[in-house]
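A structural walkthrough
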Amino acid sequence: MAQLKSATKLRQMLADPKKIIVCPGVHDGLTARVALNVGFDALYMTGAGTAASRLGQPDLGLTTVDDMAENAGMIAGLDRDVPVIADADTGFGGPLMVARTTEKYILQGVAAFHIEDQATTKRCGHLMGKELADTNTYVSRIRAAAAARARMGSDIVIIARTDALQSLGYAEAVARLRAAVAAGADVAFLEGMRTKEQMEQVVRDLAPTPCFLNMVSGGVTPLVNARKAQELGYRIIIWPIVGMTSVYLAMRELCRELKDTGEVKERYTEDGKIDGGVRDVFELCGLSACGEFDKEVGGSSFTGGA
């Protein structure tokens, strides 16, 4: 049976009125493998996490289209049955560049991406002092993405994000999202909401367009769980810094232990097995599957085990 394209699968998930798509934020192969192993049916590649993991830099528009597209493609390639939604920042330039960005994301097997209305020198949506492009510039980005999608014969999902709420207010932000949907976007994403009333209102105001909710720990938007988000009418909810937070907390803890004591004690599962050892990580990343594939095609590299 032919494999269903990830974008098509995501569209089918969006079409199910009883489902909300819950995505953990992942930023590299290991965090993606953990999320896949837990059993999520969609992933979100965070731009902030890509900047932090690939560059060691804050989310201030420092990543290039290649940084982002290559990272998204690597994550999408780990399991083609699990759609990946990816950050595409501003599209990285004018209409020609946005079209090129769209083509790159399509070729990498990404199921969906979001494009925002910040100036090219953008920053995380939960920071202050964001600068905006004008509405015409923003809509041209969405229109360019939609045209590139049509030219490629793709059904990649285009998510329109606006950061206008912070400086221009709710009415202008909703007007921008409506214009983006008219230009070809499939899903609406209002960034930086500060009240649950706004979170509920935007779903009503943009119906029947599916809406996307961003849950950032330490950010400006009130945190709600997936059930509550579904009650509010959202179709996609992301927790973009799950991977970053887990790495930050765990790495800090173990590094402090090593610095303070000169060693890192082994961790154990409830049944007494070492937890998080090198073999656990390799198995998570497909060690046994690699050996099985080698054997199936007549290889002998793993006949003695690994």
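Provided above is the structure to which this section pertains.
Here's what I pulled together on the structure shown here.

Basis of the calculations
Residues numbered from 1 in each chain as written. Predicted model: local features only at pLDDT ≥ 70, side-chain atom pairs only at ≥ 80, totals over all residues. Heavy atoms only, no water. Helix = DSSP H or I, 4+ residues; strand = E, 2+ residues; numbered from the N terminus. Expected span 1.5 Å × (residues − 1). Buried < 20%, exposed > 50% of the residue type's maximum accessible area, 1.4 Å probe, protein only. Arc of directions from axis to C-beta. Salt bridge = Lys/Arg side-chain N within 4 Å of Asp/Glu carboxyl O. Patch = residues over 30% accessible without salt bridge, like charges linked within 9 Å, V, L, I, M, F, W, Y side chains within 5 Å. Areas by Shrake-Rupley, 256 points an atom, 1.4 Å probe, with all protein chains shown as cover. Axes fitted to C-alpha atoms, helices over the stretch in contact; angles between N-to-C directions. Parallel < 35°, antiparallel > 145°, perpendicular 65-115°, else oblique. Left-handed = near helix turned anticlockwise from the far one by under 90°. Contact = heavy atoms within 4.5 Å. Nonpolar A, V, L, I, M, F, W, Y, C, P; charged D, E, K, R; others polar. Core = buried A, V, L, I, M, F, W, Y, C linked by side-chain atoms within 4.5 Å.

Between its terminal C-alpha atoms helix H8 (residues 170-182) stretches 18 Å, which fits the 18 Å expected from 13 residues at 1.5 Å a residue. Burial in H8 covers these residues: Ala173, Val174, Arg176, Leu177 and Ala180. Down the axis of H8, the sector holding all buried residues measures 155 degrees, keeping them to one side. Exposed side chains of H8 directed beyond 90 degrees from the buried face belong to Ala171 and Ala182. In the stretch just after H8, Gly184 is the one whose phi turns positive, near 130 degrees.

Here the focus is unusual backbone geometry. In this chain, Ala207 is followed by Pro208 through a cis amide linkage whose omega measures 10 degrees. Tracing the backbone shows Pro208 in the loop between helix H9 (196-206) and strand S7 (212-214). At Phe92, a residue that is not glycine, the phi angle is positive and equals roughly 75 degrees.

Looking now at the pattern of salt bridges. All chains considered together, the criterion is met by 16 salt bridges. For Asp163, the salt bridge identified is with Arg161, shortest N-O distance 2.9 Å. You'll find Asp163 and Arg161 in the same group, each marked buried. Salt bridges here are not isolated pairs; linked through shared partners, they connect Glu116, Arg161, Asp163 and Glu191.

Together, Leu30, Val34, Val38, Phe40, Val278, Val281 and Phe282 make up an exposed nonpolar region whose accessible area comes to about 600 Å². Only helix H2 (29-38) and helix H12 (278-284) provide two or more residues apiece to the nonpolar patch. Along the polypeptide, Phe40 turns up in the loop between H2 and strand S2 (43-45). In this structure Phe40 comes out as partly exposed when scored by relative accessible area, which is 31%.

With their axes 9 Å apart at the nearest point, helix H4 (residues 65-76) and helix H5 (residues 95-107) run at an angle of 20 degrees to one another. Between H4 and H5, the crossing angle belongs to the class labelled roughly parallel. Judged by the twist between their axes, the crossing of H4 over H5 is right-handed. Residues Val65, Asp66, Met68 and Ala69 of H4 touch H5, and the partners they reach there are Met97, Arg100, Thr101, Lys104 and Tyr105. Of the residues assigned to the contact of H4 with H5, the class counts are five nonpolar, one polar and three charged.

Grouped together as the largest cluster of nonpolar side chains are 56 residues, with contacts concentrated most on Leu43, Tyr105, Leu213 and Tyr234. Other than its neighbours up to four places away in sequence, Leu213 contacts Met193, Met199, Val224, Ala229, Tyr234, Ile236, Ile237 and Ile238. Counting 17 residues, the second largest nonpolar core, distinct from the first, contains Tyr44, Ala112, Phe189 and Phe212.

Before going further, it helps to spend a moment on the side chain of Asp87. Looking at where Asp87 falls in the secondary structure, it is placed in strand S3 (residues 84-87). With a relative accessible area of 3%, Asp87 lands in the buried category. Beyond its immediate chain neighbours, meaning those up to four positions away, Asp87 contacts Tyr44, Met45, Thr46, Gly47, Met68, Tyr105, His114 and Glu116.

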